[in-house]
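Residue strings, one per chain:
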Amino acid sequence: MDIIKTFGGMIENMVPKNPMGARRLLLMGYRAQRLALSALAGKKLPPSKRYVARAVMDVIIRALAHPENAAMVSMFTPCEPLSVAGITPYSIETLSGYLSGTECEKVFLDHTAGEGIPETMCSFHRIFIGAADTGLMPKPKFMVYTNVACDGNMITFPYLSHKYGIPSYFIDVPYEKSEDAVQNVAKQLKEMSAFVGDMTGRPVTEDALREAVGRSARTVSNYINYLGYQKERRLPGDLTSEMYAVFMNHILLGTKESEKYSRMLLDDIKKAPINSGLRLLWLHLVPYMQPSVKKLLNFNGKAFITTCDLAYESMIPMDESRPYEAMARRMVYSCYNGNPKGRILQAINMAKRTGADGAVIFAHWGCKATIGAAQIIKKALENEGLPTLILDGDGCDPSNSSDGQIATRLGAFLEMLGGKSK
């Protein structure tokens, strides 16, 4: 019996009649999985990757069990002020990913389709809206979001803020990268921190914020060093672990958990054996539930992902003595802000740093920014001598992808890279 499929089916059957009961059942399942992560699962993973699986699961459980102390944020929102205030931040992408991983996403996708929400919208957002509309997702205390990278945020957050009747704060990041833009965003982040203090009754002091940004700076430094070791060494891993890295380098950046994870990751790879397998630089979401991609890249020493650009998109030095400017600079100079040149330059730098043999651009369903830029990025990377594959699919709804076609295209790409490296 497929336990996950059976459990997901129970959630889907319960949601229409008893969403609160479905939430309690979901929490029970996630708590059981948390125990399993501690006791049994992930023996093939190094300690850092086992730790991150538990840390992210803890956040999801807190968000569902204690929504009165949680905030919904977009992935690129600096969350240091929230962690200082003791708030649990979570993103649409993470919650939807967990629902899809539980195989109960269909009931939410069907609900949004019935409400007239277009299927061209990102599946992460449609699943989350469906979970909120049906009553599975509890009302958070407040929301913070930004326009960086994801145009779906500009629809989903205002809609849910109105639906839940809760306040929200929007960070408007200018398209151009300049110091004027940094000062503009830093001013907004000061206002955002005051907003968080007002919402929680726990003021965000600048001293506490400096400490959090200091942890962010050390985390970034550790992660960049870790990537340098990828050129020769390999940590065993799966696709899900790569997406956990995205969560730790964004939503939990500035926390003790994130810094600990980065230290463990660096320690692990220093001890890892030399490996001559094919190295892939991944751009955009890693489809961690797609069977064909899992078969080709999970725990495979002959071909593996070194990192994805969502994990390293804003890895720049930070001055913790000026915390608002440091957080603002991350947003303004993110390679996802502005035109595709930033993503191209970052990808070229990271390909050299990690010794990548090729790059894969995952054109996630509904993501207009990546789909629109994919051919431009591919051409630029290939001009630099980096073979690049554009892979169409859906990072959250595997049924919306052609698994056979993905298997054929990715398999042929790896075979071609293997031939080149001989």
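Residues numbered from 1 in each chain as written. Predicted model: local features only at pLDDT ≥ 70, side-chain atom pairs only at ≥ 80, totals over all residues. Heavy atoms only, no water.

All right, on to the packing of helix α3 (residues 47-65) against helix α12 (residues 256-271) then. Interaxial distance between α3 and α12 falls to 8 Å at its minimum, and their mutual angle equals 160°. Relative to α12, the element α3 lies roughly antiparallel. By crossing handedness, the relation of α3 to α12 is classed as left-handed. Across the interface between the two elements, Pro-47, Ser-48, Lys-49, Tyr-51 and Val-52 from α3 touch Glu-257, Lys-260, Tyr-261, Met-264, Leu-265 and Asp-268 from α12. Among the residues forming the contact of α3 with α12, the class breakdown is six nonpolar, one polar and four charged. (Axes fitted to C-alpha atoms, helices over the stretch in contact; angles between N-to-C directions. Helix = DSSP H or I, 4+ residues; strand = E, 2+ residues; numbered from the N terminus. Parallel < 35°, antiparallel > 145°, perpendicular 65-115°, else oblique. Left-handed = near helix turned anticlockwise from the far one by under 90°. Contact = heavy atoms within 4.5 Å. Nonpolar A, V, L, I, M, F, W, Y, C, P; charged D, E, K, R; others polar.)

Another point: the sheet that holds strand β1 (residues 70-73). With parallel pairing, the four strands of this open sheet are ordered in space as β2-β1-β3-β4. With one partner strand each, in any of the chains shown, β2 (88-91) and β4 (168-171) form the two edges of the open sheet. Pairs of neighbouring strands in the sheet enclose a mean axial angle of 20°, with direction left out of account. Bridging between β1 and strand β3 (residues 142-146) involves three bridges; their strand directions are parallel. When the bridges of β3 are listed, Val-73 appears paired with Val-144. (Pairing = 2+ DSSP bridges.)

Residue alternation in β4 divides its side chains into a buried set, Tyr-169 and Ile-171, and an unburied set, Ser-168 and Phe-170. Pairing of β3 with β4 involves four bridges; the strand directions are parallel. What sits directly across from Met-143, in β4, is Ser-168. One crossover worth recording links β3 to the parallel β4 by way of helix α8 (residues 153-164), and it is right-handed. (Buried < 20%, exposed > 50% of the residue type's maximum accessible area, 1.4 Å probe, protein only. Right-handed = clockwise from strand over helix to strand, strands pointing away.)

Bringing helix α1 (residues 3-14) into the picture now. Taking 1.5 Å of rise per residue, the 12 residues of α1 would be expected to cover 16 Å, and the 17 Å separating its terminal C-alpha atoms lies within 8% of that figure. Here α1 has its buried residues at Phe-7, Gly-8 and Ile-11. Along the axis of α1, the buried residues cluster in a sector spanning 100°; they form a single face. Exposed and oriented more than 90 degrees from the buried face of α1 are Lys-5 and Asn-13. Buried positions along α1 lie against α2 (19-39). For α1, the capping residue at the N-terminal end is Asp-2, with a side-chain oxygen 3.2 Å from the backbone nitrogen of Ile-4. (Expected span 1.5 Å × (residues − 1). Arc of directions from axis to C-beta. Polar contact = N/O pair within 3.5 Å; in protein donor to acceptor, adjacent residues only side chain to side chain.)

Backbone geometry at Glu-103 places phi at a positive 60°, although glycine is not the residue there. Tracing the chain through its elements places Glu-103 in the loop between α5 (92-101) and α6 (106-114).

Turning our eyes to something else, we now look at the pattern of salt bridges. Applying the stated criterion across every chain yields a total of 13 salt bridges. Where Glu-103 meets Lys-5, a salt bridge forms, and the shortest distance between an N and an O atom there is 4.0 Å. Taken together, the residues Glu-103 in the loop between α5 and α6 and Lys-5 in helix α1 connect sequence positions 98 residues apart. One network of salt bridges, with partners in common, ties together Glu-206, Asp-207 and Arg-210. (Salt bridge = Lys/Arg side-chain N within 4 Å of Asp/Glu carboxyl O.)

For the rest of this paragraph, the subject is the pairing of strand β7 (residues 358-364). The element β7 is extensively covered by neighbouring structure, given that seven of its seven residues are classed as buried. The side-chain alternation of β7 yields two buried faces, one formed by Gly-358, Val-360, Phe-362 and His-364 and the other by Ala-359, Ile-361 and Ala-363. Here four bridges tie strand β5 (residues 278-283) to β7, and the two strands are oriented parallel to one another. Its bridge partner being in β7, Leu-280 is matched across the sheet by Gly-358. Pairing between β7 and strand β8 (residues 388-393): six bridges, direction parallel. Pairing of Ala-359 across the sheet is with Thr-388, part of β8. On the question of chirality, the crossover connecting β7 to the parallel β8 by way of helix α17 (residues 368-383) is right-handed.

All we've got here are geometric facts, nothing functional implied.
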